[in-house]
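# Summary of the model geometry
Each chain, letter by letter, is given below.
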Amino acid sequence: MKNIQGRSSTNMMEPAVELEISDNFIHTMVFTMVISMMSATMFNIVLPEISQEYGLTYTQVSWISSAYLLVYAIGSAIYGKLSDRFRLKSLLTVGILLLSLGSLIGLAAQFYWMVLFSRFIQAAGASVIPALAMIIPARYITTNRRGKVFGIMASGLALGGGVLGPIASAIVADFAHWRWLFVVPLLTLVTLPLFRHYLASEKVRTPSVFDWIGGLLLGGTVATLLLAITGERWSLAISSIALFLMFVTRIHSTTEPFIEPRLFQNGRYSVGDFIDIFSECHWLFHSVFNSNHAG
């Protein structure tokens, strides 16, 4: 999700390799990426069962998937910018604990509002994973190795969201209650001590001013876009375009923008960013389409 992460030009253009990133760290990151993607898509298949259990319309029950995507996209932008202020291991710790807390709430949920609330909490935690999966290679991995790592991370995204998520959902639907899908994200707790070990030597970063207005405008852009896709409403699509134009104006008019406009003046970055936007939008459209038409 490189397209929605706030980063300084220094971090993107000239990453200071102050931390040694091992293959074991990359494998651990890919594992958490797979789990976070699985969490986004594996509920799509069981939406009819949830609808029947709680007596919901399909529009209502589809929010179990749509809400996750909404918070996931916005959260990735926020975590990306927070990485300039806080240690990465602290952000990963908070994210994984929130993901696990949401999973426990969902596992114990007896009412629909509890299930929906658990999905919000899950996504608020899981969104740290794609954000840092792009930031860490850009910040700490040398140029000649970075492309390979980005490719591995993208493979984890595709594997979890497009392959393993539906498979896990189908297996659980055949042999157990749909609520047991909430157990899968708890596997990320195993990675928590590993991340804290791998990132133990990370230096404390100098805090920068957080552009809350820019962040809210970008979050609003993503939120209204996903709502427009989910509800097939042109008015929300127009609102998304308007918010995006306000966001562009904001980052060009403030001294500490949410995303540095100078990043897009670099040809190689702009092409890579376009490819990433295309891939991410394809995944979002695929996930939302499935959640709206799985029944």
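The sections below set out a description of the structure shown in this document. (Residues numbered from 1 in each chain as written. Predicted model: local features only at pLDDT ≥ 70, side-chain atom pairs only at ≥ 80, totals over all residues. Heavy atoms only, no water.)

Glancing now at the overall build of the protein. Secondary structure summary: the protein contains 13 helices and zero strands in total. Along the protein, helices and strands appear, N-terminal first, in the series α-α-α-α-α-α-α-α-α-α-α-α-α. Expressed as a percentage of the 295 residues in the protein, the buried residues total 54%. Pairs at least 24 residues apart make up 83% of the contacts formed inside the protein by residues separated by at least 6 positions. Total accessible area on the protein is roughly 13400 Å²; 68% of this is exposed by carbon and sulfur atoms. (Helix = DSSP H or I, 4+ residues; strand = E, 2+ residues; numbered from the N terminus. Buried < 20%, exposed > 50% of the residue type's maximum accessible area, 1.4 Å probe, protein only. Contact = heavy atoms within 4.5 Å. Areas by Shrake-Rupley, 256 points an atom, 1.4 Å probe, with all protein chains shown as cover.)

Relative to the assigned elements, Arg146 resides in helix H9 (residues 143–175). For Arg146, a relative accessible area of 14% puts it in the buried group. Between the C-alpha atom of Arg146 and that of Ile136, which follows or precedes it by 10 residues, the distance is 9.7 Å.

The end-to-end C-alpha separation of H9 is 47 Å, in line with the 48 Å expected for 33 residues at 1.5 Å each. Taken together, the buried positions of H9 are Arg146, Val149, Met153, Gly156, Leu157, Gly160, Gly161, Gly165, Ala168, Ser169 and Val172. (Expected span 1.5 Å × (residues − 1).)

Scanning the entire structure with this criterion turns up six aromatic pairs. Their ring planes at 70 degrees and their centres at 5.6 Å tell us that Phe25 and Phe195 sit as a pair that is edge-to-face. Here Phe25, found in helix H2 (residues 23–41), pairs with Phe195, found in helix H10 (residues 192–198); they are 170 residues apart in sequence, far enough to count as distant. Taking the centre distance of 4.9 Å and the plane angle of 55 degrees together, the rings of Phe43 and Phe182 count as tilted. Pair noted here: Phe43 is in the loop between H2 and helix H3 (47–54) and Phe182 is in the loop between H9 and H10, with a separation of 139 residues, a long-range link. The same class applies to Phe43 and to Phe182, which are both buried. Taken together through their ring pairs, the aromatic side chains of Phe25, Phe195 and Tyr198 make up a single cluster. (Phe/Tyr/Trp six-rings, centres within 6.5 Å; stacked < 30°, edge-to-face > 60°.)

Time to look at the environment of Ser36. Tracing the backbone shows Ser36 in helix H2. A C-alpha to C-alpha distance of 8.3 Å links Ser36 and Ala123, two positions 87 residues apart in sequence. Non-local contacts of Ser36, meaning those with residues more than four positions away in its chain, are made with Tyr68, Tyr72, Ala126 and Ile129.

Attention shifts here to the side chain of Ser118. You can see Ser118 is positioned in helix H7 (residues 112–126). A relative accessible area of 0% places Ser118 in the buried class. Beyond its immediate sequence surroundings of up to four residues, Ser118 is in contact with Gly102, Ile105, Gly106 and Phe182.

Another aspect to go through is the packing of helix H8 (residues 128–140) against H9. Any two packed helices are characterised by how steeply their axes cross, that is the angle between the axes, and by the distance between the axes. Running from N to C, H8 and H9 cross one another at 170 degrees; their axes reach a closest spacing of 10 Å. On the basis of the axis angle, H8 is roughly antiparallel to H9. Contacts from Ala133, Met134, Pro137 and Ala138 in H8 reach Arg146, Val149, Phe150 and Met153 in H9. The class makeup of the residues in the contact of H8 with H9 is seven nonpolar, no polar and one charged. (Axes fitted to C-alpha atoms, helices over the stretch in contact; angles between N-to-C directions. Parallel < 35°, antiparallel > 145°, perpendicular 65-115°, else oblique. Nonpolar A, V, L, I, M, F, W, Y, C, P; charged D, E, K, R; others polar.)

Counting residues in hydrophobic clusters, the biggest one holds 69 residues, and the most contacted among them are Met29, Phe43, Ile50, Ile64, Leu132, Met153 and Trp178. In terms of residue count, H2 provides more of this core than any other element does, 10 residues in total. Not counting the four nearest positions on each side in its chain, Met153 is found in contact with Ile26, Met29, Val30, Met33, Ala133 and Met134. (Core = buried A, V, L, I, M, F, W, Y, C linked by side-chain atoms within 4.5 Å.)

Here H2 crosses H9 at 35 degrees, and the two axes come no closer than 7 Å. The crossing of H2 and H9 is right-handed. Its residues placed into classes, the contact of H2 with H9 shows 15 nonpolar, five polar and two charged. (Left-handed = near helix turned anticlockwise from the far one by under 90°.)

This paragraph deals with the pattern of salt bridges. Summed over all chains, the structure comprises two salt bridges. Where Arg145 meets Asp23, a salt bridge forms, and the shortest distance between an N and an O atom there is 3.0 Å. Pair noted here: Arg145 is in helix H9 and Asp23 is in helix H2, with a separation of 122 residues, a long-range link. For Asp23, a relative accessible area of 46% puts it in the partly exposed group. Of the charged contacts, one joins Glu53 and Arg179 as a salt bridge, the two residues approaching to 3.4 Å between their closest N and O atoms. A residue pair is termed long-range when its members are at least 10 positions apart, and Glu53 in helix H3 and Arg179 in the loop between H9 and H10 qualify at 126 residues. In this structure Arg179 comes out as buried when scored by relative accessible area, which is 13%. (Salt bridge = Lys/Arg side-chain N within 4 Å of Asp/Glu carboxyl O.)

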